[in-house]
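Breakdown of the fold
Chain by chain, the residues run as shown.
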Amino acid sequence: MATNFRRRSCEIDIIALRHGVLSFVEVKYRRCFTSERATIDNLVCARKRRAMRKGADFFCVEFPVGYEVIRFDLAVVCLWVGDDKKKARGRLFYYPGVF
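My aim in this report is to walk through the structure given alongside it, one point at a time.

Within the largest apolar cluster, 20 residues are counted, with the highest numbers of intra-cluster contacts made by Ile-15, Phe-24, Leu-74, Val-76 and Tyr-95. Those elements that place two or more of their residues in this core are strand E2 (10–18), strand E3 (21–30), helix H1 (37–43), helix H2 (46–62), strand E4 (69–80) and strand E5 (89–95). Once you skip the residues sitting within four places of it in the chain, Phe-24 turns out to touch Ile-12, Ile-14, Ile-15, Met-52, Ala-56, Phe-59, Cys-60, Ile-70, Arg-71, Phe-72 and Asp-73.

Written out as structure tokens, the structure reads:
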């Protein structure tokens, strides 16, 4: 539905609607990443969570679409680079409903 949605001191990277679920997604890039919960909490601090909720409120008022559930997700894009940079591998970790 939208990418890089910005309003007053808040930004949401991706907004998507699928099967009645309106998802507000924060995208992070990391060279390497472990999927431990503590790491996820560190990637999206309390201030960013508040800003995303505020941005979601702005979006829902401006674009009243049909949805049953609102969810906040996290997508982490990782790149592993070994000794041979030509063999770099990317991976996406997706965490629905992290906050």
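You will see that Asn-4, though not glycine, has its phi angle at about 50°, which is positive. Judged by relative accessible area, Asn-4 falls into the partly exposed class, the value being 45%. Even without being a glycine, Ser-9 presents a positive backbone phi close to 55°. Take Ser-9: it is sitting in the loop between strand E1 (2–7) and E2. Note on Ser-9: relative accessible area 67%, which makes it exposed.

Analysis parameters
- Numbers given for residues are sequential positions, taken from 1 along each chain in its written order.
- At least 70 in pLDDT is required for a residue's local features to be given in this predicted model, at least 80 for side-chain atom pairs to be given and counted, and no such filter applies to totals for whole chains, interfaces and linings, which use all residues.
- The side-chain quantities take in all heavy atoms of the structure and omit both hydrogens and water.
- Here the nonpolar core consists of buried residues drawn from Ala, Val, Leu, Ile, Met, Phe, Trp, Tyr and Cys, with membership extended through side-chain atoms lying within 4.5 Å.
- Exposed residues in this analysis have more than 50% of their type's maximum accessible area, buried residues have under 20%, and partly exposed residues fall in between, with area computed by a 1.4 Å probe over protein chains only.
- For helices the rule is a DSSP run of H or I covering at least 4 residues; for strands it is a run of E covering at least 2, with both sets numbered from the N terminus onward.
- The contact criterion used is simple: two residues touch if any of their non-hydrogen atoms lie within 4.5 Å.

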